[in-house]
Structure formats: structure tokens, C-alpha cells
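Structural description and commentary
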Amino acid sequence: MAKNIAIIGCEFGDEGKGKIIDFLAEKADVIARFNGGNNAGHTIVVNNKKIVLHLIPSGILRKSSVNIIGNGVVVDPKVLFEEIKNLERSGVKVSPSNLIVSQNAHVILQKYIDEDRKAGASIGTTGRGIGPAYAAKASRTGLRVIDYINQNQEFAKQLRPFVKDTSLLINQFLEKNKKILFEGAQGTLLDIDHGTYPYVTSSNAIAGGICTGLGISPKKIGKAIGVAKAYVTRVGNGPLPTEIKDKVGEGIQKKGNEFGSTTGRKRRIGWFDVLIAKYSAEINGFDSIVITKLDVLSGLQKVKICTGYKFNNKIIKNFTTDLSILESCQPIYEELNGWKEDISKIRNYNNLPENAKKYLKRIEESTGVKISIVSLGPERSQTIILRREDLF
Ligand code: GDP
Ligand code: IMO
Ligand code: MG
């Protein structure tokens, strides 16, 4: 059994982290975000009701959980209070007893949003001021939450009761053996250091970001689980070697409802990329991965997984962040037979169609990483656990 678990995006974000965090949060005491800001959009569906969280951790729907916005997050106070209002409209109570904001997190100012809307166009950013806010932090011209609430600013008074030294708090929780879920935003390939730079976000989305983004020791993280889609998607610009540009891609896009939860933009679609999954598993040290949206692939005659890139007559087996290769390589595919059945109501692995099981097995074999959970729909109940030992 795991004590603390890091949930990390394996690809380009939107892998379904929100659903998985909310699912696992049933047994967690604390859920802590360590990176990003309201560029994130984490969707949770409970009894057909959809809630999209941008800043507040995805444990907030679980009554007994404490949710922490860590120092590595950039906070737009206006967005935070809009989100709290939205949650309260849906009957979810948010107060300083279930939401705590780090005093060292940096504040997103309007001028950062204005700057991002101009300068971020070539990257296809979310336009939420994320890049400029982190740039200001690194240049030491930023504004920390603690300094914001000590001044007379618009949301300062409202924010004050939520603010604490969250590093101290999390270390106290660790001391008391509380179960902590570390909630990653974005994904490994959007990480500022290890992603497809410059087509990345401006924070560390990998598990390494947990230590700096929350103020805890690497020794305390525990298990790391990657969330990967049964296919890949990407919003915004940048290379996507396995991109499907024909009707099959369009079909997956429609069936998977692949529109950005933050900006509403169409997500680009690609086949599952083993090189990416292996790269992510290595950088984050995944104990296992979760495969989401397997239901979306139902009905396809053939499904493909990419096991190599061909570039200049050479075969590349390891992912690279060299854009000149990523942008012009030819993916090498393994083709598997698809399955016709609707699998969204299946609750037992053994009842999955043989070809769906073969697809999952091939992912395990080719990546060398075990699958701990398979997700077959957005609801909590549409989840099959394969490896309990990696979970709470
Ligand atoms: P996140 O940013 O990683 O939390 O992912 P998003 O919430 O942005 O995008 C994932 C989308 O897929 C959301 O609309 C989820 O409700 C939905 N989703 C999650 N898991 C599944 C699944 O297994 N099947 C289907 N069909 N949808 C899912
Ligand atoms: P979640 O947490 C998908 C992408 C943007 C753009 C790039 C930089 O929901 O998985 P930014 O506004 O961060 O400067 O944009 O990163 N991006 C995401 N894509 N999911 C996200 O978050 C993302 N957050 C940022 O589309 O390409
Ligand atoms: Mg998202």
C-alpha cells in the first residue's frame, strides 16, 4: 500500500489527472498542487455533473480532504474566488478548513495576462499570464501571496484567512503519517526543463517539481503514478510525432470530446507513443501508469502504437527533445486489431474484449511499466483497478 502518491501527466496534459485524483482522493487526507496555475483544467464528473477545476486541487469534492495550493503554483486571486463561487453553487463548501494557499506562491497580475496574450501567441499559450508570472518570479520582480495580502489589494482581505506556510503544514502532515496525493498539472512534455521547449509551460510539471513546489524532501514522495491517455492529445503548438491528420483522428477527437477544458480549443490527436511513455516513466520514476479513455478507441478496426521514430534512415528508440527530429521524423507503428464493443460499462478487467486486453498488454510490454488503473469513462465508477499495491 502506498502512503503518498504523486499523480503526474505522462504526455502533453489533459490525460485525465483530475478524474484520477478525485477517484483516489476518497482515501487521501491531503491533496496538494505543486505547479502551474489556471492554465490547468481538471475535469471531474460525478453523477453526470461536470466540474472543471483550474486552481483548486481535485480533492475538493471529497468532504474530509484538505486541499493545498503550494508555493510552486501561480495564483490569480480573481480566478480563485470565481472558482470557489462556482463550487459553492454546486453545493461544495470551500473554506480555510479545506483549502489552504501557500504564502510563497506568486500572484498573477493583470499586466502578466496582457503580456501573455501578446507574447504567448507563437506558443499557443492559454493566455492566463502563466509565463510572465513565472518570469517575474525568476527575475525577482514578482509578488508573493504573503506580500499581496499584506497590501490593500482587491482580493487581499478575502484571501488572508486561506494563507499559511504550507511547507510547514505538509511536513507536519507527513510527520503524522497522513496520506498525501501530489497533484500534477500539465504533463511531462510540457515541463519547462524536460518538455518540447519552447512549446512548454513555464513550470516543472514532473515529479521533481513536487519538492520545490511544496517544500518537502524527495525522500517523502513515495509512489509516482503517470496518467496516460490510450491515445495522445496536444493543445497549442509544438511537435506531436504521432499526430493523426485524417478522418480517424477526427473521429477520436469527436468521440473523446477533445476540446481544451480551459480555452475550449480543439485538441490535436495522435496514436499512443511508447517513446514518450518510456521517457516520462524514466524522468518521473513511475511505479505504474493509469490508462484513461480506453472507451474512446472502441469501434476502430485497427489501433496503433508508435514504437520508434525513423529519422534520416536511422531508427530512434529513445524520445528526444530535439525539435528538428520531432518535427520531421516518421513514426514506426505496430498495428493491433481493434474491438467493436462499448466498454464503458465494464467493471472487471476479465470482461474486456480480448483485443482491448491485448492493447493494454502491448502497452505494458513495450513501455516496461505496469498499468495500475484503466479508466473507461469520466465517472468515478468507470474505473478498473489492476494493481492495488500502488494505491492507498
Ligand atoms: P486533466 O487536465 O489531466 O485533468 O484532464 P482534463 O480534465 O483536461 O481532460 C480529460 C477529459 O476526459 C475530461 O473531460 C474528463 O472528464 C474526461 N475523461 C477522463 N477519463 C476518461 C475516460 O476514461 N473516458 C472518457 N470517455 N473520458 C474521460
Ligand atoms: P492540464 O493540467 C494541456 C499548454 C498550452 C500551451 C502551453 C503553454 O489541464 O493538463 P501556458 O498557458 O501554460 O503558458 O501554455 O502549454 N498547456 C496545457 N495543455 N493541459 C494543460 O493543463 C495545459 N496547461 C498549459 O496549451 O501549448
Ligand atoms: Mg486539462
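Notes on the structure follow. From a predicted model like this one, the values you see are computed outputs, not experimental measurements. (Residues numbered from 1 in each chain as written. Chains lettered and ligands numbered in written order. Predicted model: local features only at pLDDT ≥ 70, side-chain atom pairs only at ≥ 80, totals over all residues. Heavy atoms only, no water.)

Some thoughts on the coordination of the magnesium ion (ligand 3)
Of the protein atoms, only Asp14 (OD) and Gly41 (O) coordinate the magnesium ion (ligand 3), at distances of 2.0 to 2.2 Å. Taken together, the positions of aspartate 14 in the loop between strand 1 (4–9) and helix 1 (17–24) and glycine 41 in the loop between strand 2 (30–33) and strand 3 (42–46) put the pair 27 residues apart, joining distant regions of the chain. The exposure class assigned to aspartate 14 is partly exposed, which follows from its relative accessible area of 21%. (Donors = N, O, S within 2.8 Å, 3.2 Å for Na, K, Ca; no water. Helix = DSSP H or I, 4+ residues; strand = E, 2+ residues; numbered from the N terminus. Buried < 20%, exposed > 50% of the residue type's maximum accessible area, 1.4 Å probe, protein only.)

Quick notes on the packing of aromatic side chains
Scanning the model with the defined rule gives five aromatic pairs in all. Note on phenylalanine 81 and phenylalanine 155: the rings are 5.9 Å apart at their centroids and 15° apart in plane angle, and the pair reads as stacked. Remark: phenylalanine 155 occurs in the loop between helix 5 (145–150) and helix 6 (156–159) and phenylalanine 81 occurs in helix 2 (residues 77–89); sequence separation between them is 74 residues. Each member of the pair, phenylalanine 81 as well as phenylalanine 155, is classed as buried. When the ring of tyrosine 309 is compared with that of phenylalanine 319, the centres are 6.5 Å apart and the planes differ by 70°; the resulting orientation is edge-to-face. Placement of the pair is tyrosine 309 in strand 16 (residues 302–311) and phenylalanine 319 in the loop between strand 17 (314–316) and helix 11 (323–326), with a sequence separation of 10 residues. Across this residue pair, the class does not change: tyrosine 309 and phenylalanine 319 are buried. (Phe/Tyr/Trp six-rings, centres within 6.5 Å; stacked < 30°, edge-to-face > 60°.)

Description of helix 7 (residues 166–175)
Among the residues of helix 7, those classed as buried are Thr166, Leu169, Ile170, Phe173 and Leu174. Around the axis of helix 7, the buried residues are gathered within 140° of arc, so they sit on the same side. At the N-terminal end of helix 7, a side-chain oxygen is found 3.2 Å from the backbone nitrogen of serine 167, two or three residues along, and the residue is aspartate 165. Just downstream of helix 7 lies asparagine 177, where phi reads positive at about 60°. (Arc of directions from axis to C-beta. Polar contact = N/O pair within 3.5 Å; in protein donor to acceptor, adjacent residues only side chain to side chain.)

Considering the site of ligand 1
Taken together, 20 residues lie near ligand 1, and Lys17, Gly41, Ser261, Asp295 and Ser375 sit nearest. In the model, an oxygen atom of ligand 1 is placed 2.8 Å from a nitrogen or oxygen of the threonine 43 side chain. One of the backbone N or O atoms of lysine 293 is found 2.9 Å from an oxygen atom in ligand 1. Those elements that place two or more of their residues in the shell around ligand 1 are helix 1 and strand 3. Considered class by class, the residues forming the shell around ligand 1 number four nonpolar, nine polar and seven charged. (Near = heavy atom within 4 Å. Nonpolar A, V, L, I, M, F, W, Y, C, P; charged D, E, K, R; others polar.)

Bear in mind that shape data such as this cannot, by itself, settle questions of function.
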